[in-house]
Amino acid sequence: MSDTPVEPRIVEALHYGITPERISAHARQVVERLQDAGYTAHLVGGCIRDLILGHAPKDFDVVTEAHPEEIRLVFRNARLIGRRFRLAHVQFGREIIEVATYRAAPAAEPGEGDNIFGSIDEDARRRDFTVNALYYDPVEGLIRDYVGGLADLEARVLRVIGDPEERFREDPVRMLRAVRFAVRLQFELARHDDRLLARLGPLLHDISPARLFEEVLKLFQAGNAVANCEALCEHHLFGVLFPPSAAFAGHKYPQDSVLMRALASTDQRVAEGKPVTPAFLFAALLWDPVHEGASRFVAQGVAPADAWQRAAEEILHAQLKTITVPKRFSVPMREIWLLQSRFDRRGGRQALRFLESKRFRAAYDFLGLRAHASDADRALFDWWTRFQEVDDSGRQAMVEALSEQPEKRTRRRRRSRRAR
Ligand code: ATP
Ligand code: MG
């Protein structure tokens, strides 16, 4: 990238319906105080993109020419964070405004070396996509565009800044960000970047498993899981992220699979503001290979309970090379898998004890996904649904009715064992 300063295209923010009132009062205050202290300061990144598109921004990021120590002198409520690239968090009650100094290329996060500050146009060019590199000065009411982001926003194109191959190689996570933003904003990827993703996808193996875990949560727990999964499959990135599941993905994960149903239900929960957990997500992401592995062990004569343990072990071991799944999620994830066979055991007090256990709910929800994907016995799932709805005497009657129909029970058992 050249060192010659680039003149920005400058546009009235009002042209895009952006007024200072549409941004957080605290963010505005941070910009004003920096400017009063003699520094240039702008709002930047996702918040400007979202405002122009008419979406509510998640948060407001400020950039300035002031260096971190200078920022701290302007704000008593500022805290410097980050070791490699220091930036300031200015705290207003529960709201934190992130203030960064203009940064030069290359070394995006996680970069080597010390702070490398730069000019505002260098700061624009080190960002990932043109639509993420717009600068808004709420005092002047102007938007500065150094990389053609406004034209791309109007054309609804997601374009990498600079040479896409170079930028993807510099930080392969940008490929996942490309998929995620294209889906979320409903933008087209620019040029032939799609072919680039398929070719450069394996570079994601160089990324730390912990960082990929965070990216996977952004892809699958933010409300667009189904569309993101389809896009990842289309660009051959799904198999890179989830090697044990790669064989099941093909170009598009089958629509009626347990995974796609899990993702659809996650999207719905997110839309309703309900909590979602990575334990359930990863249980679904890895279900097919674990299921297949367990069946393989059973066919080799391993007892079912051991077969499931071994399959879970094997698949998780393979997956953890690419993506970290913290213990607090992988433990309940394995429970969801191992408990799937518990649903068959309903005699005596077994059903009641299972119902009262802490892990029942997650395992039951998972059984429901499987039943709807024809991966588990629908009648068995319906039985457990009813078992929860009726009162104590109803439950007792249901369990007793099971032993009165030994034939039916045997048949159901055999069928569900095959499905297991
Ligand atoms: P979101 O609404 O999802 O937060 P965002 O655009 O704010 O979207 P962030 O991940 O919060 O995205 O990053 C803030 C800004 O930092 C981006 O808009 C982009 O300009 C820059 N950025 C983030 N990650 C990278 C990266 N890997 N490479 C280059 N620039 C990046
Ligand atoms: Mg952001």
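To start, this report covers the structure provided alongside it. (Residues numbered from 1 in each chain as written. Chains lettered and ligands numbered in written order. Predicted model: local features only at pLDDT ≥ 70, side-chain atom pairs only at ≥ 80, totals over all residues. Heavy atoms only, no water.)

**A few points about helix H17 (residues 327-338)**
Heads up, the rule is: Helix numbering and strand numbering both begin at the N terminus, where a helix is a DSSP run of H or I of at least 4 residues and a strand a DSSP run of E of at least 2. For a helix, the expected span equals 1.5 Å multiplied by the number of residues minus one. When accessible area is computed with a 1.4 Å probe and restricted to protein chains, residues below 20% of their type maximum are described as buried, those above 50% as exposed, and intermediate ones as partly exposed. Note on definitions: a residue-residue contact is assigned when non-hydrogen atoms from the two residues lie within 4.5 Å.
Taking 1.5 Å as the rise per residue, H17 with twelve residues should run 16 Å; its terminal C-alpha atoms sit 16 Å apart, in good agreement. All of the buried residues in H17 are Phe329, Ser330, Pro332, Met333, Arg334, Ile336 and Trp337. The inward-facing, buried residues of H17 contact helix H9 (209-220), helix H14 (278-285), helix H15 (287-299), helix H16 (304-320) and helix H19 (360-372).

**Structural notes on the site of ligand 1**
Let me state the cut-off plainly: If even one non-hydrogen atom of a residue comes within 4 Å of a molecule or strand, that residue is called near it. Two N or O atoms count as a polar contact when they lie within 3.5 Å, although within protein this holds only if one can serve as hydrogen donor and the other as acceptor, and sequence-adjacent residues are included solely when both atoms are side-chain atoms. Residue exposure ignores everything except the shown protein chains as possible cover, and the areas themselves are Shrake-Rupley values with a 1.4 Å probe. Classes in brief: Ala, Val, Leu, Ile, Met, Phe, Trp, Tyr, Cys and Pro nonpolar; Asp, Glu, Lys and Arg charged; the others, Gly included, polar.
Not every one of the 16 residues close to ligand 1 is listed here, only the nearest: Arg49, Asp171, Arg174, Arg177 and Arg184. The contact in question runs from an oxygen atom of ligand 1 to an N or O atom on the side chain of Arg177, over 2.9 Å. One nitrogen or oxygen atom from the side chain of Arg184 is found 2.5 Å from an oxygen atom belonging to ligand 1. Look at ligand 1: alone it shows 590 Å² of surface, and the protein chains cover 87% of it. Elements represented by at least two residues in the shell around ligand 1 include exactly helix H2 (46-53) and helix H7 (173-185). Broken down by element, the shell around ligand 1 gets its largest block of residues, five residues, from H7. Among the residues forming the shell around ligand 1, the class breakdown is one nonpolar, three polar and twelve charged.

**Regarding the packing of helix H10 (residues 225-234) against helix H13 (residues 258-271)**
We count it as follows: Angular values range over 0 to 180 degrees, each being the angle between N-to-C directions of two axes fitted as lines to C-alpha atoms, with helices fitted over their stretch in contact. In what follows, roughly perpendicular refers to angles from 65 to 115 degrees, roughly parallel to angles under 35, roughly antiparallel to angles over 145, and oblique to any angle outside these ranges.
At a minimum axis distance of 8 Å, the contact between H10 and H13 shows a crossing angle of 140°. Here H10 is positioned oblique relative to H13, judged by the angle of their axes. Taken together, the residues of H13 that come into contact with H10 (itself represented by Ala225, Val226, Cys229 and Glu230) are Leu259, Met260, Leu263, Ala264 and Asp267. Here the contact of H10 with H13 is composed, by residue class, of seven nonpolar, no polar and two charged.

**Concerning the pairing of strand E7 (residues 134-137)**
What counts is decided by this rule: Paired strands, in this sense, are two strands between which DSSP finds at least two bridges.
A two-sided burial pattern is seen for E7, the buried positions comprising Leu134 and Tyr136 on one face and Tyr135 and Asp137 on the other. Pairing analysis gives two bridges linking strand E2 (residues 41-44) to E7, with the strands arranged antiparallel. Paired with Val44 across the two strands is Tyr135, which belongs to E7. Between E7 and strand E8 (residues 142-145), which follow one another and run antiparallel, lie four residues, and Gly141 among them has a positive phi close to 75°.

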